[in-house]
Each structure stands twice: as structure tokens, then as C-alpha cells.
Amino acid sequence: MKTPPHASANPSTILTPSEEERTLDPVQLAALETAFRDWVSAARRSDVRRSRQRIFCIFLLIRYTGARLGEILGIASTDQIDFTGHTVHIGSRSAGYRDVQIPPHVAEGILEVLPPSTEAPFSVDPGHVRRKFYEQAESCGLAKAMGSPNVIRRSRALELLRSNLPLPVVQKMLGHSTAGLTASWLDFSEQDMQRVVAHVTRRESRIKTSARNSFAGKVASMVSGEIQTVVTLDTLGGYPITAIITNESADRLALKPGTLLTAEVKAPWVLVAAGPHPPLTSCANTLEGKVRRIIKGGNTTEVILGLKDGTEVCALMTRSGDDDLGLRQDDTAWALIDAFSVILRMGDL
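Residues numbered from 1 in each chain as written. Predicted model: local features only at pLDDT ≥ 70, side-chain atom pairs only at ≥ 80, totals over all residues. Heavy atoms only, no water.

Q: Break down the pattern of salt bridges for me, with residues and values.
A: Within this structure, the stated rule accounts for 10 salt bridges. In this structure, K132 and E135 form a salt bridge, with 3.5 Å as the shortest nitrogen-oxygen distance. Here K132 and its partner E135 are both found in helix 6 (residues 126-139), 3 residues apart, which amounts to about one turn of the helix. For E312, the salt bridge identified is with R293, shortest N-O distance 3.3 Å. Separated by 19 residues along the polypeptide, E312 in strand 13 (residues 312-318) and R293 in strand 11 (residues 285-296) bring together distant segments of the chain. Assessed through its relative accessible area of 34%, E312 is described here as partly exposed. (Salt bridge = Lys/Arg side-chain N within 4 Å of Asp/Glu carboxyl O. Helix = DSSP H or I, 4+ residues; strand = E, 2+ residues; numbered from the N terminus. Buried < 20%, exposed > 50% of the residue type's maximum accessible area, 1.4 Å probe, protein only.)

In C-alpha cells:
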């Protein structure tokens, strides 16, 4: 296995897992998290729901801390979780402790299930945990082995590296003794090198975009016509985004199922419909959200919708259009995006 030749190289776009190691990409991780949420919601009895919630909390902690299964099961009390500062105190006296940041929604979700000062909150048989992880992987179309806690841990490491987090930071977060051990999970490929060059070229050219709305995902399907190609992305939030581009553009981007892309839409191209039910529309993309903010200007109004996965969609409309909708904060509304308004670009998740 090759080792990255320069420790200073930006790992966000150049490091990929060795073929000997299995990992999940961000879309698959999101699908697995959704499968766990659906599994918890499907519980009919309260005791079954509590049991499933505990397993889900274990998944969330491994998913977002990159910790070992044994480290999570060994947490002595929920006092090791700072629900205000959103950190988890992980490790042991012999191996050393480390504080790992977690997203606010993870801390809030655990607090709903396990109050502060709960002793041995994750005292669950590891074999039982693994079986449930495997089941959820299979439920969302993944191979059973892809639900392994170690696969999820490794996938989190690569996700962070591709987000520009320095290798030594990821090393410390995972509890690895050396950065070399973390780097040993990684390898270069010819495609990686091409992405490095493209990344540097874009940065040197100072390419910028005025698009307010970005959706990261991977190509789920492509339907080519004589002139144009319909491309559907599975996004991290679990909803599809459809774009129509020219066949020439599809060839230039070398698109194929599984290609990682970013879909962008400028705010003036987003239409908004009010009401609790999806509107009848010819727009290919209809996204349900809640009104988070309304910013009124002299001639225009900016409406920010929050989707269920936390993504914000910004729409810009005239003041008259805003008055016709009569939207207020927390109202249910729909972002309508025509497939021709979606711009696809190669990007890193």
C-alpha cells in the first residue's frame, strides 16, 4: 500500500480508501442514518422503542465521532457528554481520553433518550449491536458487512479528511497513536491525481459562484436524449434533485452513476408555493420546508426555507409576489426548482 508522499498535501480531494478497505460515501452514510431513524419510528411498544433508540444513539456516536464500538459501549455515564458544548469524552485511563465534537442535533437526540447522569448508558451486548447495524445496512440496500462499526468509523475519518480537516486532527479524533496509522487507510489513484490538479486549478483561477443553494450528492440515474441528458442526484438529505444538461456537458463532466456532484441553484430561480400540501407543478424538484426567515427589501423579498435534513433553500422574489403568498415564519412551504435551473459541477462532499 502506498503512503501519501507529502504530509502537507490537502487530503480533501486527493485521498481515497485503499481497495483493501471498505468505506461508505456520505450519501450511503446518510441513507444508513435514515434507515435507523425509520427503524426507531416503526417500533410500536415503548420498551422496544427505547431499546432501538439506545442502539441508534450508539450508531450516531460512532458515525460522528469515529470512535471504536468498545469505546462507546464503555462510556460510564452520560456526564461524559457535554450536551451544551456538544462534545463527548471518549477513551480510557490506560489509552488516554480525548474530547470529540459532535453536531448539535446528535447531542439533542441523545439527551431526549438518555438524561444527564445516566449510568452505563450504552451497556449493550456488542454482538447484539453489530447484528442491528448489519440489519439496517441491508434494509437500505447495502451489503451486510458495510454496516460494521469499523466501516462506519473509517468512513467518518475519510469524510473528515475530504472536508479539509488536517490529518493530525483526524488522527487525534480517532485515537490513533500516529498520523501514519490514519494515513494507512488511504491511498492514491490515477483519478485522485486528476482531482488534485483540478482542485488546484480551480483554486488558482479563483472560480467563484453566486449560487445561494447547493446540494451535494451522487448521480443516481442518467437518461440521455438526442441533445440533452436528465441527471438525477441522490443528495445527502435523502431527496432527489433532477437537472437537465446538454449531452456535451455530461460528457465533459464524465458523468456516470455514483459520480459525486454538487447541484447549485441561484436564489431568483427558486419559486415558492405556500400550503401544507405539495402544489401541482411542472417543476421537476419540489422540496418541502418550513419558513425560517423572511427578509423584506425595498423591491424584493428573500425567503429562507429549512428542509427536513437541515438544508436551507433561499428564494428571491418581488415584494408583490411575497404579498400574494402571505408567508409567515414556521409556515410549511415548497421550494420549486425547474430542472433547467440546476447547475451541476464536480465537487467534493
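Still more ground to cover, so stick around.
Q: Please give an account of the sheet that holds strand 10 (residues 271-274) that cites residues and values.
A: Taking strand neighbours across the sheet as the criterion, the 5 strands line up as 10-14-11-12-13 in an open arrangement whose pairing is antiparallel. Each having just a single partner strand, strand 10 and strand 13 make up the two edges of the open sheet. Strand-to-strand twist of the sheet, defined as the mean angle between neighbouring strand axes without regard to direction, takes the value 45 degrees. Strand direction decides the pairing type here: strand 10 and strand 14 (residues 332-337), joined by 4 bridges, are antiparallel. Bridged to A273 within strand 14 is W334. (Pairing = 2+ DSSP bridges. Axes fitted to C-alpha atoms, helices over the stretch in contact; angles between N-to-C directions.)

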